[in-house]
Structures are given as structure tokens and as C-alpha cells.
Amino acid sequence: MIHRNLVILTGAGISAESGVPTFRADDGLWMGHRIEDVATPEAFARDPALVQDFYNRRRRQLATVQPNAAHHALAALAARWTGELMLVTQNVDDLHDRAHAAQPPGAGFQLIHMHGELLKAHCTATGQVQDCPGDLEADHPSPHHPAGRMRPHIVWFGEMPLHMERIEAALEACDLFVSIGTSGAVYPAAGFVQQARLAGARTVELNLESSLISDLFDETHHGPATEVVPGFLSSLRAGEN
């Protein structure tokens, strides 16, 4: 079966083996906090110091982790792929970016951070985005507008994911959709498999275990991302399977 246009979705499961905490623990908390206290616009308005500190600590933690074999396998695929390849990640870490920097991708590659990026911040007044490798203060002033302040460039609950038009166009055109390390619980990403199926694409899930939407995929492969991702991707060569 020949494939030319790929869309690959990654979630927390691909970075977990690098030591990045997954989105939500069994107790419903995210790194010891209620989601409502650190991942909503209302939380930022109510207690900006808590929210900024939470993301400052997550930003520092990124310096202690490295891309794993699954990230590098995706980078190797992008480097050799001759068709179109969009990698959409729900993760806000920079592990994909680092892996692709080590293996420059082909001309048809796009990397989309649909939920934002931890190492960036944006102005609350203008939306302008800038790099943010260090800490942000509770009411960090914006250099872009006197009435603005800088906040983490993260899509919080109640906000629209980024680049949805580009993602939906790629899903309509793809002939292979692969979901890696996702729970199937967060929309709109959980609905991507159905959009790909409507486009006639082959759909594949690579996950540690069955997700909430495993039955929507044509095939599933379960196991650690560092094992199943390189194994599956190694069968895709220069635009064909």
C-alpha cells in the first residue's frame, strides 16, 4: 500500500518515557494541582502568581529531559519522507523540536504544536508570541503593548487549539493517519481519526494500551512508545509501506 500524505498525532505518552509528567495522574491532579487552578484563563485572572510558578517549574524541568527513541524515529521518518508529513503534537514540551533539529526534515514536513509551547509566551493584549526560556513574573509586563502582560503560550481549557484550519486541511488530504501516545479523551484531537477515516485514510494507533477510541482505528499496536513507534515507522520507506 502506497502512502504519500501522512498526518501523525502525538500525545503525552510519547514524552512520558523521557520523564515528562503526563497530563493528568490517577488522582485527577496535574503535578499536584487541580486543572482548574493552573490551566484555565479564569485561574490566571484569579491567581497569576500560582499559574506562572506552575509553568516556570515545568519550563525548568524540560532542561532535565531529552528526546527518546520515539521522537528520534519520527525525526528520521521526516528526514527521508518524500511526500507530505504533518506532525501534530498535543504536547507543549520541545522534545520533537530538538529531535528534528538533529535530523533536518524534508520540504514537505510541518510540525504543529496545537496546544502551544512551554518555551514561548504571548502578550495578553496583542497575542504576539515570543521565545520564553526563563521564568515569568506574576504580572510580567509585555514589551508589545502597555496594557498587556506576558502569559504562557499554552492553550488552556476553554480556549481554541492552534492552527486548526491547517490541521483539518491535512486530515482531509491524508492517506495515512497515525496516533501515538494519546488517551482519546481530549477533543478536538480525539476526533482526528474520524476525520481521517472520512477522507479514506488508513488509520493506525500506537499506544501503551487501548485508548478510549481504539475501536475507531483500522489497526492498533500496543507497547512502550520507544519500542512500537520505531518498529512501525521503520516499515514506511520513502512514501510507501
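This structure is a prediction, so every number in the text was calculated from the model and none was measured.

Chemist: Hey, could you go over unusual backbone geometry for me, with residue numbers and the actual values?
Modeler: Of note, the amide linkage connecting Y187 to P188 takes the cis form, showing an omega dihedral of 15°. The backbone of H163 sits at a positive phi, close to 60°, despite the residue not being glycine. Among the structural elements, H163 can be located in the loop between β6 (150-154) and α7 (164-173).

Chemist: Explain the pairing of strand β8 (residues 202-207) to me, and be specific about the residues and the numbers.
Modeler: The element β8 is largely enclosed, with a buried count of 6 among its 6 residues. Here β8 shows a buried face lined by R202, V204 and L206 and a second buried face lined by T203, E205 and N207. Strand direction decides the pairing type here: strand β7 (residues 176-180) and β8, joined by 5 bridges, are parallel. Across the sheet, residue F177 finds its bridge partner in β8, namely T203. Taking the sense of rotation as the criterion, the β-α-β connection linking β7, helix α8 (residues 192-198) and β8 turns out right-handed. With 4 bridges connecting them, β8 and strand β9 (residues 219-222) associate as parallel partners. When the sheet's bridge partners are listed, E205 is paired in β9 with T220.

Chemist: Outline the UniProt feature "binding site: substrate" (unreviewed entry) in the protein, listing residues and values.
Modeler: Residues given the UniProt feature "binding site: substrate" (unreviewed entry) here are Y55 and R58. Look at Y55 and you get buried, because its relative accessible area is 0%. For Y55, the side chain forms a polar contact with the main-chain oxygen of V38, separated by 3.0 Å. A relative accessible area of 9% means that R58 is categorised as buried.

Chemist: Tell me about the side chain of S211, residues and numbers included.
Modeler: With respect to the helices and strands, S211 occurs in the loop between β8 and β9. Exposure remark for S211: the relative accessible area of 14% places this residue in the buried category.

Chemist: Outline the sheet that holds strand β5 (residues 129-131), supporting the account with residue identities and numerical values.
Modeler: Either a parallel or an antiparallel arrangement is found when strands of a sheet pair, and the pairing is made through backbone hydrogen bonds. Here 3 strands make up an open sheet; going across it, the order is β5-β4-β6 and the pairing antiparallel. In this open sheet, the two strands that pair with only one neighbour each are β5 and β6. Direction aside, neighbouring strands of the sheet carry axes that sit 45° apart on average. Taken together, the 3 bridges between strand β4 (residues 116-123) and β5 define a ladder with antiparallel strand orientation. Looking at the pairing, K120 lines up with D131 of β5.

Chemist: Pulling in residues and values, what's your account of the UniProt feature "active site" (unreviewed entry) in the protein?
Modeler: UniProt's entry tags H115 with the feature "active site" (unreviewed entry), counted in the numbering of this structure. Mapped onto the secondary structure, H115 falls in the loop between β3 (109-113) and β4. Taking the relative accessible area as the measure of exposure, H115 reaches 14% and is therefore buried. Excluding residues that lie within four positions of it along the chain, H115 makes contacts with T89, Q90, V92, H153, I154, V155, P161 and V186.

Chemist: Could you give an account of the side chain of H71, with specific residues and numbers?
Modeler: Within the secondary structure, H71 sits in helix α5 (residues 69-80). With near-sequence residues (within four places) excluded, H71 lies in contact with I14, S15, S18, L95, H96 and A99.

Chemist: How would you explain the pairing of β6 if you had to name every residue and give the values?
Modeler: Side-chain positions along a regular strand alternate between the two faces of the sheet. Burial runs high along β6: 5 of the 5 residues are buried. Where β4 meets β6, 4 bridges bridge the pair, whose relative direction is antiparallel. When the sheet's bridge partners are listed, G116 is paired in β6 with I154.

Chemist: Explain the pattern of salt bridges to me, using residue names and the numbers behind them.
Modeler: Scanning the entire structure with this criterion turns up 11 salt bridges. R46 is the salt-bridge partner of D37, the closest N and O atoms lying 3.6 Å from each other. Residues E117 and K120 are paired through a salt bridge, measuring 3.2 Å at the closest nitrogen-oxygen approach. Its relative accessible area of 24% is what places K120 among the partly exposed residues. One continuous salt-bridge network, built from bridges that share partners, spans R34, E36, D37 and R46.

What counts and how
Residues numbered from 1 in each chain as written. Predicted model: local features only at pLDDT ≥ 70, side-chain atom pairs only at ≥ 80, totals over all residues. Heavy atoms only, no water. Helix = DSSP H or I, 4+ residues; strand = E, 2+ residues; numbered from the N terminus. Buried < 20%, exposed > 50% of the residue type's maximum accessible area, 1.4 Å probe, protein only. Pairing = 2+ DSSP bridges. Right-handed = clockwise from strand over helix to strand, strands pointing away. UniProt positions renumbered as here; feature names shortened; annotations may be inferred. Polar contact = N/O pair within 3.5 Å; in protein donor to acceptor, adjacent residues only side chain to side chain. Axes fitted to C-alpha atoms, helices over the stretch in contact; angles between N-to-C directions. Contact = heavy atoms within 4.5 Å. Salt bridge = Lys/Arg side-chain N within 4 Å of Asp/Glu carboxyl O.

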